[in-house]
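Observations on the model geometry
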Amino acid sequence: MSHLIDSYKLISQKLKKKKFPMRKPNYSEAVDQYTQVMNSFKREGNNIYAAFCCLSIGRCEQAIKASSSAEASCYIDAGYLIWENEIATNESEIISFEENIPEAINCYLLAIKIYQNYKRFSIMGTLYFEMASILKRLNKLEEGAEYFQKAAEIQRTESPISAINSLKEAAYCKIMEWDYKGACDYLDLIVNIASETTQPLESRMNQLSLLNTTTNSSFDQINNNSNHNNFFNNTNNSNINNNINNNINNNTILPSSVSMSLYPFILIETRVSLFLLYILQDSFSKSQAQLSKLVNDVNEQHAQYGAGSELSEETIAILNNLLIACERKEVNGLPAIQRELWSSLNDVQNDILQRIWCANKMLL
């Protein structure tokens with residue numbers, strides 16, 4: 001490996017030397033040389049030195065053309081190589097001082113800054129989410145939650161579903177950190193996004209209904225004009241068809257019925273999580289308020305889509321029993337309630353439910 005390090009140093013020294021002050025170094029040649037050394041480091045399994053080569057390639061790309069996609073790709077590759085090294089160290093249970101994690105984060109942030117200049121927001125959101133997922137895997141939960149939130153902020157306008165998924169991950173990081181208030185804040189954001197997204201969908205459905213009515217009346221007008229002169233008939237028909245096409249083109253593209261029905265389910269799921277978290281914090285009044293909103297959401301979903309929620313009336317009644325039992329400190333009945341709810345909740349909610357049981361068990 002020492003000869004590879006010497007090669008790396010030699011390339012760097014060539015770039016620093018200025019035999020001819022008015023002539024730029026040959027950065028393209030340096031990129032090829034760094035790439036060869038980097039591949040050799042990869043073959044030897046030395047990801048850290050390979051990452052250093054990636055960073056050097058990125059600096060060369062910056063010198064060739066500032067803030068290019070090639071430069072951003074180098075930073076991403078360098079960061080990912082460092083992540084791979086940290087993940088391997090973490091999984092092998094070797095003691096690590098985690099001194100390379102800030103460098104990996106910095107590599108991703110450099111790439112994100114470049115994509116921000118190009119207004120490539122979807123890539124920015126993806127990079128934030130990827131970085132947060134790796135930090136979560138490395139048990140860096142606070143940093144993971146922070147970058148999940150940043151991913152959600154970017155994804156919110158283009159893909160509300162992706163933003164909700166990022167906020168779910170951020171909330172779970174907070175739960176694992178025992179920061180239940182922080183988790184509730186993220187879940188409240190999910191409720192806001194789901195509510196904001198559902199309302200425009202209803203208005204756009206009304207627009208579609210109005211458009212269909214206009215279209216049908218226009219075609220009726222075409223049929224009524226069929227007895228007129230052919231020349232005028234063709235002219236009128238073409239004008240009417242142009243108006244119809246303009247209306248369709250100007251109309252907002254409607255999402256599928258699947259995506260429309262997804263947000264109410266997300267809303268109900270989030271309400272249940274908030275309900276459980278407020279119980280865990282002994283905020284029984286807030287928990288009761290969430291239960292009331294949950295019932296309203298279930299009823300609205302049934303009225304709007306003609307289909308019941310996965311949450312049955314029996315499950316809601318059991319949730320109410322859970323609230324009463326915790327409020328009255330009737331700890332003995334909690335195991336039975338927990339068994340009845342287990343199949344109706346997701347993994348995160350069952351984790352919260354287990355925490356409720358453990359917290360109340362300490363009172364025995």
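Residues numbered from 1 in each chain as written. Predicted model: local features only at pLDDT ≥ 70, side-chain atom pairs only at ≥ 80, totals over all residues. Heavy atoms only, no water.

**Considerations on the overall build of the chain**
Counting secondary structure elements, the chain contains 15 helices and zero strands. The 364 residues of the chain split such that 41% are buried. For the chain, the accessible surface area stands at approximately 20,700 Å², while carbon and sulfur atoms represent 50% of it. (Helix = DSSP H or I, 4+ residues; strand = E, 2+ residues; numbered from the N terminus. Buried < 20%, exposed > 50% of the residue type's maximum accessible area, 1.4 Å probe, protein only. Areas by Shrake-Rupley, 256 points an atom, 1.4 Å probe, with all protein chains shown as cover.)

**Here we look at the packing of aromatic side chains**
Summed over all chains, the structure comprises seven aromatic pairs. Geometrically, the ring pair formed by tyrosine 128 and tyrosine 147 is stacked, given 6.0 Å between the ring centres and 15° between the ring planes. Highlighted residues: tyrosine 128 in helix H6 (residues 121-137) and tyrosine 147 in helix H7 (residues 141-158), separated in sequence by 19 residues. An aromatic cluster is present here, built from Phe41, Tyr49 and Phe52 joined pairwise through their rings. One Lys or Arg, arginine 355, reaches over the ring of tryptophan 178 and ends 4.6 Å from the middle of that ring. (Phe/Tyr/Trp six-rings, centres within 6.5 Å; stacked < 30°, edge-to-face > 60°. Lys NZ or Arg CZ within 6 Å of the ring centre and 35° of its normal.)

**Some remarks on the UniProt feature "repeat: TPR" (unreviewed entry) in the chain**
Taken from the UniProt record, the annotation "repeat: TPR" (unreviewed entry) applies to residues 125-158. Between the first and last C-alpha atoms of residues 125-158 the distance is 10 Å; the span itself is 91% helix and 0% strand. (UniProt positions renumbered as here; feature names shortened; annotations may be inferred.)

**Considerations on the environment of tryptophan 83**
Among the secondary structure elements, tryptophan 83 is positioned in helix H4 (residues 69-91). Sequence separation between tryptophan 83 and methionine 131 is 48 residues; the distance between their C-alpha atoms is 8.9 Å. With sequence-adjacent residues up to four places away left out, tryptophan 83 is seen in contact with Ile101, Ala104, Ile105, Tyr108, Met131, Ile134, Leu135 and Leu138. (Contact = heavy atoms within 4.5 Å.)

**Quick notes on the side chain of glutamate 61**
Mapped onto the elements, glutamate 61 comes out in helix H3 (residues 47-64). Notably, glutamate 61 is buried but unbridged: the nearest opposite-charge side chain belongs to lysine 65, and the N-O separation is 9.3 Å. Look past the residues within four positions of glutamate 61 in its chain and what remains in contact with it is Val31, Ala66, Ser68, Ala70, Glu71 and Cys74. (Lys, Arg positive; Asp, Glu negative; His and termini not counted. Salt bridge = Lys/Arg side-chain N within 4 Å of Asp/Glu carboxyl O.)

**Things to note about the pattern of salt bridges**
Scanning the entire structure with this criterion turns up 10 salt bridges. Between glutamate 269 and lysine 168 there is a salt bridge; the shortest N-O distance is 2.9 Å. Placement of glutamate 269 in helix H11 (residues 257-280) and of lysine 168 in helix H8 (residues 160-176) is noted, with a sequence separation of 101 residues between them. What makes glutamate 269 partly exposed here is its relative accessible area of 27%.

**What to know about unusual backbone geometry**
For asparagine 139, which is not glycine, the phi dihedral falls at a positive 65°. Among the secondary structure elements, asparagine 139 is positioned in the loop between H6 and H7. When its relative accessible area of 57% is taken as the criterion, asparagine 139 is described as exposed.

**Comments concerning the confidence of the model for the chain**
Per-residue confidence for the chain averages 82 on the pLDDT scale, and 78% of its residues sit at or above 70. Considering only residues more than four positions removed or in separate chains, one finds that residues 225-258, a stretch of pLDDT under 50, has 27 contacts. (pLDDT = per-residue confidence, 0-100.)

**Quick look at the environment of serine 7**
Structurally, the position occupied by serine 7 is in helix H1 (residues 2-16). Exposure remark for serine 7: the relative accessible area of 29% places this residue in the partly exposed category. In the structure, serine 7 is positioned 27 residues away from tyrosine 34 in sequence and 8.7 Å away in space, judged by C-alpha atoms.

**Remarks on H7**
Helical geometry: 3.6 residues make up each α-helical turn, so side chains three or four residues apart lie on a common side. Compared with an ideal rise of 1.5 Å per residue, which puts 18 residues at 26 Å, H7 spans 26 Å between its outermost C-alpha atoms and is within 8% of the ideal. Among the residues of H7, Leu141, Gly144, Ala145, Tyr147, Phe148, Ala151, Ala152, Ile154 and Gln155 are the ones counted as buried. (Expected span 1.5 Å × (residues − 1).)

**Description of the environment of serine 73**
Among the structural elements, serine 73 can be located in helix H4. With a relative accessible area of 32%, serine 73 lands in the partly exposed category. A C-alpha to C-alpha distance of 10.0 Å links serine 73 and isoleucine 57, two positions 16 residues apart in sequence.

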